[in-house]
Amino acid sequence: MLDATTRSGGTATAPPPADATTITLPASVGLAARCTRVLLSPWSRLSLLLVLLASAGAAVLLVEPQRLLTGGWPPQLGGAAAAVVFAVAYGLCTVAFVPRPLLNLAAGALFGSQAGLASALAGTVLGAGLAFGLGRVLGQDALRPLLRGRWLRAADGQLSRHGFRSMLAVRLFPGVPFWAANYCAAVSRMGWVPFLVATALGSVPNTAAYVVAGARASAPTSPAFLIALACIALPALAGVVVAWRKRHHLRGR
């Protein structure tokens, strides 16, 4: 039998299924998503980076790694194991802003020229990689929008477009602090491989000079020690000259 609506020529509307339900997410899921977005935001990650670096710097002040030059290496560690442990400690110390010349002198004094150079270079690359990774993951997204000054834009463009040769020059000619070069490269668009390869190659001359000086510190009048001092002073002077000549180029950008 037809109902009244059908008999009168109207259109019948089917009622919704009796089992249709509306799915609602609990409030806790939405709150967790918002908290996750806040914690992973660029400024939260930058704050975490600053906390980590401040904690590392405080730890260095408490541990005082410069005592290695006077107290020596723990006697229970020796041989290749000691060099590996020193390389790891070297890398962590550079992330915490310990000056590399001090660590290089300690490497030479503790392990001699050859083993000290290998350990110091391994620690250099490790520390640079750690700093670059921290800066890239935790700081790049927050800091890149702040690159508005002329000098900052010029440095960023140089590292982004000519990363390998720029970082090689920075490592060969001392002047820019090691940690500053690491974090500046991390904020730029420079790739991992050019950064690490340029760091490894460019750090050899200066690191070798300090390691040899540390190994021959007991004989300050020896030819090896004097040559090492010359190899330390000449790149520094060359870096000053290059920076002086490039100042107008950077200002013009």
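**Remarks on helix α9 (residues 178-187)**
Point 1. Most of α9 sits inside the fold, with 8 of its 10 residues counted as buried.
Point 2. Inspection of α9 places F178, A180, A181, N182, Y183, A185, A186 and V187 among the buried residues, and these make up the whole buried set.

**Some words on helix α10 (residues 192-202)**
Point 1. Within α10, burial applies to F195, A198, T199 and G202. For α10, the angular spread of the buried residues around the axis is 100 degrees, confining them to a single face. Among the exposed residues of α10, those oriented more than 90 degrees off its buried face are V193 and L201.

**Points about the packing of aromatic side chains**
Point 1. Applying the stated criterion to the full structure yields 5 aromatic pairs.
Point 2. Summarising the aromatic geometry, the rings of F86 and F111 are spaced 5.4 Å apart at their centres and angled 70 degrees between planes, so their arrangement reads as edge-to-face. One end of the pair, F86, is in helix α5 (residues 79-95); the other, F111, is in helix α6 (residues 100-143), and 25 residues separate them in sequence.
Point 3. Assessed through its relative accessible area of 19%, F111 is described here as buried.
Point 4. Linked through ring pairs, F86, Y90 and F111 together constitute an aromatic cluster.
Point 5. Over the face of the ring belonging to F178 we find R100, whose NZ or CZ atom lies 5.0 Å from the ring centre.

**Observations regarding the nonpolar core**
Point 1. One finds F86, Y90, V98, L103, A107 and A120 to be the most contacted residues of the largest nonpolar core, which totals 13 residues.
Point 2. Taken together, the elements giving at least two residues each to this core come down to α5 and α6.
Point 3. Of all the elements, α6 adds the most residues to this core, at 5 residues.
Point 4. Counting 11 residues, the second largest nonpolar core, distinct from the first, contains L159, F178, A181 and F195.

**Notes on the confidence of the model for the chain**
Point 1. On average, residues of the chain score 77 in pLDDT, and 65% of them reach the 70 mark or higher.
Point 2. In the model of the chain, helix α1 (residues 4-7) stands out as the element of lowest mean pLDDT, 48, in contrast to α10, which has the highest, 94.
Point 3. The low-confidence segment residues 4-8, where pLDDT is below 50, has 5 contacts with residues more than four positions distant or belonging to other chains.

**Concerning the environment of G157**
Point 1. By the element assignment, G157 lies in helix α7 (residues 150-161).
Point 2. Each C-alpha atom of the pair G157 and R189 lies 8.6 Å from the other, and the pair is 32 residues apart in sequence.

**Quick look at the packing of helix α8 (residues 163-172) against α10**
Point 1. Their axes nearest at 8 Å, the elements α8 and α10 cross at an angle of 30 degrees. Considered as vectors, α8 and α10 are oriented roughly parallel to each other. In terms of crossing hand, the pair formed by α8 and α10 is right-handed. Of the residues in α10, those in contact with F164, M167, L168, R171 and L172 of α8 are P194, F195, V197, A198, T199, L201 and G202.

**Section: the side chain of R100**
Point 1. Looking at where R100 falls in the secondary structure, it is placed in helix α6.
Point 2. With a relative accessible area of 11%, R100 lands in the buried category.
Point 3. At 3.2 Å, the side chain of R100 forms a polar contact with the side chain of T124.
Point 4. Leave out the neighbours within four places in its chain, and R100 touches Y90, T94, T124, F178, S203, N206 and T207.

Conventions used here
- Residues numbered from 1 in each chain as written.
- Predicted model: local features only at pLDDT ≥ 70, side-chain atom pairs only at ≥ 80, totals over all residues.
- Heavy atoms only, no water.
- Buried < 20%, exposed > 50% of the residue type's maximum accessible area, 1.4 Å probe, protein only.
- Helix = DSSP H or I, 4+ residues; strand = E, 2+ residues; numbered from the N terminus.
- Arc of directions from axis to C-beta.
- Phe/Tyr/Trp six-rings, centres within 6.5 Å; stacked < 30°, edge-to-face > 60°.
- Lys NZ or Arg CZ within 6 Å of the ring centre and 35° of its normal.
- Core = buried A, V, L, I, M, F, W, Y, C linked by side-chain atoms within 4.5 Å.
- pLDDT = per-residue confidence, 0-100.
- Contact = heavy atoms within 4.5 Å.
- Axes fitted to C-alpha atoms, helices over the stretch in contact; angles between N-to-C directions.
- Parallel < 35°, antiparallel > 145°, perpendicular 65-115°, else oblique.
- Left-handed = near helix turned anticlockwise from the far one by under 90°.
- Polar contact = N/O pair within 3.5 Å; in protein donor to acceptor, adjacent residues only side chain to side chain.

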